[in-house]
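Remarks on the overall topology
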Amino acid sequence: IEKCDLTTTIQQEAHVIEYFIDAIDEVVEFLHLSGEIFVCEDVVALHIPSLSSYVLGPVMVPSFFLVYRDEHLPDGCVTKEAIRRVLYDFRLRQKRDFDINIDHAVKALRFLRVCFELEKHPDVYCFPFHLQGARPPALWVKSHTLCKYVGRSVACLLETDMYSPGIFSSFQCQEAIQIDRRVCLWKKGLFVSDNHSDTAITECLVELTKEDRAIDIIVRGQEGNETKSLAVLNKFITLLNELLQEKSPGTQLQTYYLSRSHIEEASKDRPGFREEVVLEAVEHGRKIVTDTWNNIWLSQRLD
């Protein structure tokens, strides 16, 4: 329902007292924060289980999602019409007789960071959850220009834990809608570049690794530009922490400093050092060198 229609309906109720009408927006916000209703910009879902069952559920199931996908579209992408047909088909299967406003449904999906609209293709939406491809081999190769690397691995504290399903795809959505940069997505990763010409200043590789128990964030930049590379790295870590606080509060994490010899090649196996070990070594002026891991980049300032 449109938020304005909800407000009008409340105002028309004879038993609603006057001072309550003046506080409608505050009440709606309170009910949203309490989980009683769902508010997305100018749209309100009065029954959250229906939103989960008849909007979120169908688009997250590959068997429904892939039926109406246009094979000429990029991986993980569908049109608004395809989304409408998926929701309509699911409703028929469940023998439910009610209409779903496709514009409201898409707005809710975008608000929840389930999908995003392609910038140059109106009414075409990418669902990172349904991406199937792997990282393009030529996307992250050694560069003589971008020769300074820094990386962190944000891993679940316990080996029995893993990131909640949908966390990484939401992170992909959040990064893909940022403007003025080049973004490439695949099933368990994304690549971001602030490339505005033939020469990029910084590039960032983010991948879900270790059986979905860690997210590796690697940034590389030009020599002498280490400060910006570290700022980009910290920005990504902050965005990830904010997303986890919103969608998966209480998740216990451990940060690792990644070895330079591994992040340069962007191999899938990236051993690292626990943050407290690195900070202690820097504090005492020691250099971390082992038989397996070496050349860890500690040239940046560690506060």
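So, here's what we can say about the structure. (Residues numbered from 1 in each chain as written. Predicted model: local features only at pLDDT ≥ 70, side-chain atom pairs only at ≥ 80, totals over all residues. Heavy atoms only, no water.)

1. Examining the overall build of the protein chain
What the protein chain contains, in helices and strands, is 11 helices and 12 strands. Here the protein chain holds 303 residues, and 43% of them are scored as buried. Summarising the internal contacts of the protein chain: among those between residues at least 6 apart in sequence, 59% fall at separations of at least 24. Summing over all exposed atoms, the protein chain offers an accessible surface of approximately 17100 Å²; the carbon and sulfur share of this is 51%. (Helix = DSSP H or I, 4+ residues; strand = E, 2+ residues; numbered from the N terminus. Buried < 20%, exposed > 50% of the residue type's maximum accessible area, 1.4 Å probe, protein only. Contact = heavy atoms within 4.5 Å. Areas by Shrake-Rupley, 256 points an atom, 1.4 Å probe, with all protein chains shown as cover.)

2. So, the pattern of salt bridges
Two side chains carrying opposite charge are able to pair once their charged atoms lie near each other. Here the structure, examined in full by the defined rule, presents 8 salt bridges. A salt bridge links D212 to K188, with the nearest nitrogen and oxygen atoms 2.9 Å apart. Of this pair, D212 sits in the loop between β9 (202-209) and β10 (214-221) while K188 is found in the loop between β7 (182-186) and β8 (189-193), placing the two residues 24 residues apart along the sequence. On the accessibility criterion, K188 (33% relative accessible area) is partly exposed. Between R220 and E203 there is a salt bridge, with its nearest N and O atoms 2.8 Å apart. Placement of R220 in strand β10 and of E203 in strand β9 is noted, with a sequence separation of 17 residues between them. A single burial state applies to R220 and to E203, both of which are buried. (Salt bridge = Lys/Arg side-chain N within 4 Å of Asp/Glu carboxyl O.)

3. Some remarks on the sheet that holds strand β5 (residues 124-126)
The pairing of strands in a sheet happens through backbone hydrogen bonds and is either parallel or antiparallel. Spatial ordering of the open sheet is given by β3-β5-β4, a layout of 3 strands whose pairing is antiparallel. Taken across any chain shown, the strands that pair with only one partner, and hence form the sheet edges, are β3 (77-79) and β4 (116-117). By the bridge criterion, 3 bridges tie β3 to β5 in an arrangement that is antiparallel. Within β5, the residue paired with V78 across the bridge is Y125. Against the sheet, helix α6 (residues 80-93) makes contact with β3 and β5, and its axis sits at roughly 85 degrees relative to β3, the strand it touches most. (Pairing = 2+ DSSP bridges. Axes fitted to C-alpha atoms, helices over the stretch in contact; angles between N-to-C directions.)

4. Focus: helix α4 (residues 48-60)
Three or more residues of α4 are buried, namely L51, Y54, V55, P58 and V59. End-on view of α4: buried residues confined to an arc of 120 degrees, all on one side of the axis. The elements touched by buried residues of α4 are β1 (38-40), β2 (43-45), α5 (62-65), α6 and α7 (102-111). (Arc of directions from axis to C-beta.)

5. Here we look at helix α9 (residues 226-247)
Side chains of residues three or four places apart in an α-helix project in the same direction, reflecting 3.6 residues per turn. Its 22 residues place the ends of α9 32 Å apart at the C-alpha level, agreeing with the 32 Å of an ideal helix rising 1.5 Å per residue. Every buried residue of α9 is accounted for by E226, S229, L230, V232, L233, F236, I237, L239, L240, L243 and L244. Looking at the buried positions of α9, the neighbouring elements they touch are β6 (148-156), α8 (167-176), β8, β9, β10 and β11 (253-258). (Expected span 1.5 Å × (residues − 1).)

6. Details of the packing of α4 against α6
Here α4 crosses α6 at 120 degrees, and the two axes come no closer than 9 Å. When the axis of α4 is compared with that of α6, the two are oblique. Judged by the sense of rotation from one axis to the other, the crossing of α4 with α6 is right-handed. Contact residues: α4 offers S53, Y54, V55, P58 and V59, while α6 offers I83, V86, L87 and F90. Residues belonging to the contact of α4 with α6 are distributed by class as follows: 8 nonpolar, 1 polar and no charged. (Parallel < 35°, antiparallel > 145°, perpendicular 65-115°, else oblique. Left-handed = near helix turned anticlockwise from the far one by under 90°. Nonpolar A, V, L, I, M, F, W, Y, C, P; charged D, E, K, R; others polar.)

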